[in-house]
Amino acid sequence: AIVDQGSSPTIVSDVNTYSSRHGGQPLRPGQLTKYLPSDIARSCAAVNSEPVAYGEESLDVEAAHAMAPGADIAYVGADCANDPAPLLDAVTRIVDRHLADIVSDSWFLGTEAQVTPDTVTAFQQVFEQGAIEGIGFYFSSGDSGDWSAATPDHQPAVQFPASDPWVTSVGGTSLAVGPAGQYEWETGWGTRSEEH
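Please read these numbers as outputs of a predicted model, since none were measured by experiment.

## Here's the deal with the packing of aromatic side chains
Then step 1. A full pass over the atoms with the stated rule returns six aromatic pairs.
Then step 2. With 5.0 Å between their ring centres and 85° between their planes, Trp107 and Phe139 make a pair best called edge-to-face. With Trp107 in the loop between strand 4 (102–105) and strand 5 (110–111) and Phe139 in strand 6 (residues 136–140), this pair connects stretches of sequence that are 32 residues apart. The same class applies to Trp107 as to Phe139, namely buried.
Then step 3. Between Phe127 and Phe137, the ring centres sit 4.9 Å apart and the planes meet at 55°, which makes this aromatic pair tilted.

Right, here's the structure in full:
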């Protein structure tokens with residue numbers, strides 16, 4: 001399953017175009033199923049009018065299909081409210097209906113210090129129940145390393161829910177490839193400096 005806000009009306013054709021350009025297989029009929037709240041079109045109308053609104057959804061679904069071309073994909077959309085409740089509803093829907101065994105998430109709610117204890121507790125209960133049921137939640141660790149550049153005291157900070165003990169946090173790396181296509185070296189994405 002993949003969780004994100006909004007719902008692209010062109011996701012199937014986008015994934016199929018990506019797949020054909022990169023030598024992959026198109027989605028087979030019924031391979032991608034959307035689970036959406038009833039008022040998602042209204043709540044996300046302003047966001048979805050932006051050209052990049054569906055970028056994260058497209059990236060996540062394309063990547064999942066490229067890595068596991070035979071796997072069924074459940075896209076669980078969340079309303080576009082500026083609070084954590086719609087995303088909590090989406091992950092709860094996955095656990096309540098056991099929609100998937102693997103859940104990929106590329107969003108965050110803020111650093112650990114920015115998220116209220118009640119929000120942390122609510123998400124943690126869902127992640128723990130998912131673990132009991134054999135559902136793994138995987139969150140991107142983010143593009144900016146330890147977020148120390150974004151904190152007032154420049155101390156390392158971890159984004160939530162990637163920091164939750166009931167999820168697996170997945171970080172990005174940069175890979176150097178040699179002239180013959182061979183592996184040269186790899187490094188983790190570091191903290192983006194805001195200083196000049």
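## Re the packing of helix 5 (residues 85–97) against helix 6 (residues 117–132)
Then step 1. Where helix 5 contacts helix 6, the axes come no closer than 10 Å and their chain directions differ by 20°. One way to sum up the angle between helix 5 and helix 6 is to call them roughly parallel. At the point where helix 5 passes helix 6, the crossing takes the left-handed sense. Side by side, helix 5 and helix 6 meet where Leu87, Leu88, Val91, Thr92 and Val95 of the first sit next to Ala122, Phe123, Val126, Gln129 and Gly130 of the second.
Then step 2. Considered class by class, the residues forming the contact of helix 5 with helix 6 number seven nonpolar, three polar and no charged.

## Some details on the environment of Glu186
Then step 1. In this fold, Glu186 is placed in strand 10 (residues 183–188).
Then step 2. The spacing of Glu186 and Ala176 is 10 residues in sequence and 6.0 Å in space, taken between C-alpha atoms.
Then step 3. If we ignore the near neighbours within four places in the chain, the residues touching Glu186 are Thr173, Ser174 and Leu175.

## Details of the pattern of salt bridges
Then step 1. Here the structure, examined in full by the defined rule, presents one salt bridge.
Then step 2. In this structure, the salt-bridge partner of Arg28 is Asp72, at a minimum N-O distance of 2.5 Å. With Arg28 in the loop between helix 1 (11–21) and strand 2 (32–35) and Asp72 in the loop between helix 4 (55–67) and strand 3 (73–78), the pair connects residues that are 44 residues apart, well separated along the chain.
Then step 3. On the basis of relative accessibility, which here comes to 39%, the residue Arg28 falls in the partly exposed class.
Then step 4. Overall, Asp72 belongs to the exposed group, its relative accessible area being 56%.

## Structural notes on a nonpolar patch on the surface
Then step 1. Among the surface-exposed residues, Ile102, Tyr138 and Val170 lie close enough to one another that they form a single nonpolar patch of about 270 Å² accessible area.
Then step 2. Along the chain, Tyr138 falls in strand 6.

## Observations concerning the pairing of strand 9 (residues 173–177)
Then step 1. Here five bridges tie strand 9 to strand 10, and the two strands are oriented antiparallel to one another. Among the inter-strand pairings, Ala176 is bridged to a residue of strand 10, identified as Trp185.
Then step 2. Hairpin remark: strand 9 followed by strand 10, antiparallel, with five residues in the connecting loop; positive phi at Gly181, about 85°.

Reading guide: rules and limits
- Residues numbered from 1 in each chain as written.
- Predicted model: local features only at pLDDT ≥ 70, side-chain atom pairs only at ≥ 80, totals over all residues.
- Heavy atoms only, no water.
- Phe/Tyr/Trp six-rings, centres within 6.5 Å; stacked < 30°, edge-to-face > 60°.
- Helix = DSSP H or I, 4+ residues; strand = E, 2+ residues; numbered from the N terminus.
- Buried < 20%, exposed > 50% of the residue type's maximum accessible area, 1.4 Å probe, protein only.
- Axes fitted to C-alpha atoms, helices over the stretch in contact; angles between N-to-C directions.
- Parallel < 35°, antiparallel > 145°, perpendicular 65-115°, else oblique.
- Left-handed = near helix turned anticlockwise from the far one by under 90°.
- Contact = heavy atoms within 4.5 Å.
- Nonpolar A, V, L, I, M, F, W, Y, C, P; charged D, E, K, R; others polar.
- Salt bridge = Lys/Arg side-chain N within 4 Å of Asp/Glu carboxyl O.
- Patch = residues over 30% accessible without salt bridge, like charges linked within 9 Å, V, L, I, M, F, W, Y side chains within 5 Å.
- Areas by Shrake-Rupley, 256 points an atom, 1.4 Å probe, with all protein chains shown as cover.
- Pairing = 2+ DSSP bridges.

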